[in-house]
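# Overview (structure and organization)
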Amino acid sequence: MARAAEVAARFEELYGYAPDGVWSAPGRVNLIGEYTDFNEGFVLPLALPHTAVAAVARRTDGVLRLHSADLDAPLAEVRVDELTPLSDGGWAAYPAGVVWALREAGHPVTGADLHLSSTVPTGAGLSSSAALEVVTALALDELFGLGLTRPELAVLAQRAENAFVGVPCGVMDQTASACCTDGHALHLDCRDLSLRHVPFDLAAQGLRLLVVDTRVKHALGDGAYAERRAGCEAGARALGVSHLRDIAYEELPAALADLTSDKVRRYVRHVVSDNHRVAQVIGLLDAGDVRAIGPVLTDGHASLRDDLRISCPELDLVVSTANAAGALGARMTGGGFGGSAIVLVESGASDAVAKSVLDAFAAAGFAAPRVFPAVASAGARREA
């Protein structure tokens, strides 16, 4: 892999010796199931070909050194026993948080040198942070002989983002990055972390899934995500369940009638209905009726826009324009407030739909979005 060799060579320039190995972990796009993971519900992500690549070497002196090829920032250095949660360490907080989480869990990580390079777009809702966390966790697991499973690595990476960085995300992003396989979507139960690899070879069906990065940057640490999580938790308490996952879709009308807050009612309606949409999509994929998932995606966008209220004009424009131009379905994906949308199209219509979206953005005076195909790719792995 050319990128692995390049990252390893830069590591040697920085640190004066060769790394112990090179690892990669992908970003992800979520097909359906949004804001359901922290409600112990269901999600259906797939890994992207875009990856964070890390050249890493083990240290035994308690020193952690971190460098990014993607930022004009100096090498960061800290002692592992001085890592402090919520200390606003910028990009370095993500790999440093993994070291902290591993040590907090009792694993003997005694330091490391890391050099990272990522092609996962930042701020696009494609889990660039999870890719950094998972590639770090995978490398350290191997270098220190920790023997952790992929789901265990994902949970530790999630803890790094929750407790060290301060973003209250669920476990979907890290699990997708750690566990996805080539040519498959990942059906994940976020309660027990059981997973199933669902065949998702769109090319064989004459289909394509486009990602439209609106270039509207989103930041999950700004409080809006946390507010919605708190609202979901309030709904679960009001309904007498541990998590909204425990409300069956058939029970939703009665549950909504029991809630007094309109805001909480909207959040509950979205989560319960999106869990149902995951089940719908799985059923259609299992039946080989891939085209029929399009309207389910569009329904999911309406729920995110109207009930969760996390869309924005650019995301809404992608969905309405793509569908009007002949797409089978579309929706925003990820945490919202910007970021990306996905569009399911016939392969032959892909260019025309993409051009319609680009033209609509230009007409609206928006910055040109970035459009690229999402191909279900492999999860985290050693490269060299």
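The notes below deal with the structure included here. (Residues numbered from 1 in each chain as written. Predicted model: local features only at pLDDT ≥ 70, side-chain atom pairs only at ≥ 80, totals over all residues. Heavy atoms only, no water.)

## Side note on the overall build of the protein chain
Across its full length, the protein chain carries 11 helices and 13 strands. Taken against the 2.2 N^0.38 rule, which gives 21 Å for 384 residues, the C-alpha radius of gyration of the protein chain at 21 Å falls within 12% of a compact globule. Projected onto its principal axes, the C-alpha positions of the protein chain cover 60 × 50 × 40 Å. Put simply, the protein chain has 384 residues, and 56% of those count as buried. Within the protein chain, contacts between residues separated by at least 24 positions form 73% of all contacts whose residues are at least 6 apart in sequence. Per element, the accessible surface of the protein chain, about 14300 Å² overall, is 51% carbon and sulfur. Each charge class in the protein chain was averaged separately, 32 positive and 47 negative side chains, and the resulting centres sit 2 Å apart. (Helix = DSSP H or I, 4+ residues; strand = E, 2+ residues; numbered from the N terminus. Rg over C-alpha atoms; globule rule 2.2 N^0.38 Å. Buried < 20%, exposed > 50% of the residue type's maximum accessible area, 1.4 Å probe, protein only. Contact = heavy atoms within 4.5 Å. Areas by Shrake-Rupley, 256 points an atom, 1.4 Å probe, with all protein chains shown as cover. Lys, Arg positive; Asp, Glu negative; His and termini not counted. Charge placed at Lys NZ, Arg CZ, Asp CG, Glu CD.)

## Examining the packing of aromatic side chains
Enumeration according to the criterion identifies seven aromatic pairs in this entry. Ring plane angle 55° and centroid distance 4.6 Å describe the contact between F11 and Y15, whose orientation is recorded as tilted. Of the two residues, F11 and Y15 are both situated in helix α1 (residues 2-15); the distance of four residues between them amounts to about one turn of the helix. Y15 shares its class with F11; the two are buried. Centre to centre, the rings of W100 and F164 are 5.6 Å apart; their planes meet at 45°, and the pair counts as tilted. Here the residue W100 occupies a position in helix α2 (residues 93-104), and F164 occupies one in helix α4 (residues 150-165), the gap between them amounting to 64 residues. Like W100, the residue F164 is buried in the burial classification. (Phe/Tyr/Trp six-rings, centres within 6.5 Å; stacked < 30°, edge-to-face > 60°.)

## Digging into unusual backbone geometry
If you check the backbone angles, E40 has positive phi at about 60° while not being a glycine. Position of E40 relative to the elements: it lies in the loop between β1 (21-30) and β2 (42-43). With phi around 65°, R215 is a residue other than glycine that occupies positive phi space. Along the polypeptide, R215 turns up in the loop between β9 (207-213) and α6 (224-238). A relative accessible area of 46% places R215 in the partly exposed class.

## Some points on the sheet that holds strand β7 (residues 184-189)
Taken in spatial order, the three strands of this open sheet run β2-β7-β8, and their pairing is antiparallel. Bordering the open sheet on either side are β2 and β8 (195-199), each of which pairs with just one other strand. Sheet topology places β7 next to β8; five bridges connect them, and they run antiparallel. Bridge assignment links H184 to a residue of β8, and that residue is P199. Helix α5 (residues 172-179) contacts β2, β7 and β8 of the sheet and is inclined by roughly 135° relative to β7. Against the sheet, helix α8 (residues 262-286) contacts β2, β7 and β8, and its axis sits at roughly 50° relative to β8. (Pairing = 2+ DSSP bridges. Axes fitted to C-alpha atoms, helices over the stretch in contact; angles between N-to-C directions.)

## A closer look at the packing of α8 against helix α9 (residues 293-308)
Contact pair α8 / α9: the axes reach a minimum separation of 10 Å and the direction vectors enclose 170°. The angle between the axes of α8 and α9 places the two elements in the roughly antiparallel class. Together, R266, Y267, R269, H270, S273, D274, R277, Q280, V281, L284 and L285 of α8 and I293, V296, D299, G300, S303, L304, D306, D307 and L308 of α9 make up the contact between the two elements. (Parallel < 35°, antiparallel > 145°, perpendicular 65-115°, else oblique.)

## Examining the side chain of S128
With respect to the element layout, S128 can be found in helix α3 (residues 128-143). Under the relative-accessibility criterion, S128 is labelled buried at 16%. Residues contacting S128, with those up to four places away along its chain left out, are V120, P121, T122 and G123.

## Thoughts on α9
Relative to the 22 Å expected for 16 residues at 1.5 Å per residue, α9 spans 21 Å between its end C-alpha atoms, a close match to the ideal helical length. Its buried side turned inward, α9 meets α6, α8, α10 (313-324), β10 (329-333) and β11 (340-346). Directly beyond the C-terminal end of α9, a positive phi value near 55° is found at R309. (Expected span 1.5 Å × (residues − 1).)

Nothing here speaks to function; it is all geometry.
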